[in-house]
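The residues making up each chain are set out below.
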Amino acid sequence: MSFGEKLYEGKAKIIYATDDPEVLLTYFKDDATAFNAQKRGQIVDKGKINCAISTELFQRLAAAAIPTHWIDTISDREMRVKALTIIPLEVVVRNLAAGSLCRQTNLPLGQRLDPPLVEFYYKNDDLGDPLLTLDRIHAMALASQEQIATLRRQALKINQLLTDFFMGCGITLVDFKLEFGLDPSQQVILADEISPDTCRLWDQTATDETQRVMDKDRFRQDLGQVEQAYQRVLDRVLAQSPKN
Ligand code: UDP
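Residues numbered from 1 in each chain as written. Predicted model: local features only at pLDDT ≥ 70, side-chain atom pairs only at ≥ 80, totals over all residues. Heavy atoms only, no water.

*Asks:* Which residues make up the sheet that holds strand S8 (residues 85-86), and what are the values?
*Replies:* The strand order across the open sheet formed by three strands is S8-S12-S13, and the pairing between neighbours is antiparallel. Of all strands in the sheet, those bounded by a partner on one side alone are S8 and strand S13 (188-190). Relative to S13, strand S12 (residues 180-182) runs antiparallel, the two sharing three bridges. Within the sheet, the bridge partner assigned to Leu 182 lies in S13 and is Val 188. (Pairing = 2+ DSSP bridges. Helix = DSSP H or I, 4+ residues; strand = E, 2+ residues; numbered from the N terminus.)

*Asks:* An account of the packing of helix H1 (residues 46-63) against helix H6 (residues 226-239) is requested, with residue identities and associated values reported.
*Replies:* One can describe the packing of H1 onto H6 by two numbers: an axis separation of 10 Å at closest approach and a directional angle of 25 degrees. Compared by their axis directions, H1 and H6 come out roughly parallel. The handedness of the crossing between H1 and H6 is left-handed. Contacts between H1 and H6 involve Lys 46, Ile 49, Asn 50, Ala 52, Ile 53 and Glu 56 on the former and, on the latter, Glu 227, Tyr 230, Gln 231, Val 233, Leu 234, Val 237 and Leu 238. Tallied by class, residues from the contact of H1 with H6 come to eight nonpolar, two polar and three charged. (Axes fitted to C-alpha atoms, helices over the stretch in contact; angles between N-to-C directions. Parallel < 35°, antiparallel > 145°, perpendicular 65-115°, else oblique. Left-handed = near helix turned anticlockwise from the far one by under 90°. Contact = heavy atoms within 4.5 Å. Nonpolar A, V, L, I, M, F, W, Y, C, P; charged D, E, K, R; others polar.)

*Asks:* Pulling in residues and values, what's your account of H1?
*Replies:* Between its first and last C-alpha atoms H1 spans 26 Å; for 18 residues at 1.5 Å apiece the expected length is 26 Å, and the two agree. Within two residues after H1, Ala 65 carries a phi angle of roughly 70 degrees, on the positive side. (Expected span 1.5 Å × (residues − 1).)

*Asks:* I'd love a proper account of the pattern of salt bridges, names of residues and values included.
*Replies:* For the structure on display, the rule yields 24 salt bridges. Put simply, Lys 29 and Glu 9 hold a salt bridge, and the shortest N to O gap is 2.7 Å. Note that Lys 29 is positioned in the loop between strand S3 (23-28) and strand S4 (31-34) and Glu 9 in strand S1 (residues 6-9), a separation of 20 residues in sequence. One salt bridge connects Asp 175 with Arg 94, and the closest N-O pair in it is separated by 3.5 Å. With Asp 175 in strand S11 (residues 171-178) and Arg 94 in strand S9 (residues 89-96), this pair connects stretches of sequence that are 81 residues apart. Both residues of the pair, Asp 175 and Arg 94, belong to the buried class. (Salt bridge = Lys/Arg side-chain N within 4 Å of Asp/Glu carboxyl O. Buried < 20%, exposed > 50% of the residue type's maximum accessible area, 1.4 Å probe, protein only.)

*Asks:* I'd like to hear about the packing of H1 against helix H4 (residues 145-168), residue by residue, with values.
*Replies:* The description of two packed helices rests on the angle between their axes and on the distance between the axes. Where H1 contacts H4, the two axes come as close as 11 Å, and the packing angle between them is 120 degrees. When the axes of H1 and H4 are compared, the pair comes out oblique. The handedness of the crossing between H1 and H4 is right-handed. Across from Leu 57, Arg 60 and Leu 61 in H1, the residues of H4 making contact are Ile 158, Leu 161, Leu 162, Phe 165 and Phe 166. Classifying every residue of the contact of H1 with H4 gives seven nonpolar, no polar and one charged.

*Asks:* Please provide a residue-by-residue account of the layout of surface pockets, values included.
*Replies:* Taken as a whole, the second largest pocket encloses approximately 180 Å³ of empty space. As for the second largest pocket, its lining consists of Asn 95, Arg 112, Pro 116, Leu 156, Asn 159, Gln 160, Thr 163, Met 167, Ile 171, Thr 172 and Leu 173. Of all the elements in the fold, those that place two or more residues in the lining of the second largest pocket are strand S10 (112-122), H4 and S11. The greatest single-element share of the lining of the second largest pocket, amounting to five residues, is contributed by H4. Classifying every residue of the lining of the second largest pocket by side-chain character gives five nonpolar, five polar and one charged. (1 Å grid on protein atoms, 1.4 Å probe; cavity = no way out; pocket = protein on both sides within 12 Å on 5 of 7 lines; lining within 4 Å. Points joined across faces, edges and corners; volume = space filled by probe spheres on them.)

What follows is the structure, encoded as structure tokens:
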């Protein structure tokens, strides 16, 4: 497929226009960033692995009646997606305490959160993606109360589906980040990607805290074996695929 105009280049992906205004092309790069892009690097073949994992997970979610932007995957790094108006919120779901939640509270690493936490962050690099309150979202007119209710409901449903799926892979879904957009009929649609870049995934078969990390924390914390961990996630995800 020929690339149209480059519309946007993010930290991990490039978005291109296509000859159909309702369709965009997402290209998955190997570039990795952390700590609001203060740490930069490359993870060999990350783009291919994340494209494949996202493809599998989007298909599973679509089969469970979650509307997603995924149309098809046309090469090992390229996905065709529905053109949406992205809602500038990062929706984070947490099953166990980790990352910024541990840094900002006294919750210990790995503490179970029951019910799961749903948090909204403002998608704005200049401001460092701050945590929002519902009143702030309202004051900033980022989303309506009805849309927030839909985001929360969808996020929790996705969490249940992904938690169960990863459990079957021997992986604990600790937390993850989702992004959503609106289609021309204002329907809320899941967008972006779901991958070890955007999820914390712990290997249930690992014997220690460092070994269990199968996600971008290996890059963030210089734990090594980053490519191998991403590849192991993909292998386990594909092993659960109905095509195998
Ligand atoms: N996350 C993400 N993009 C972001 C911020 C967070 O994909 O810009 C994911 C992150 O990988 C983790 C979850 O959202 O799975 C919660 O991240 P947290 O708030 O703990 O921030 P972190 O400590 O990872 O910066």
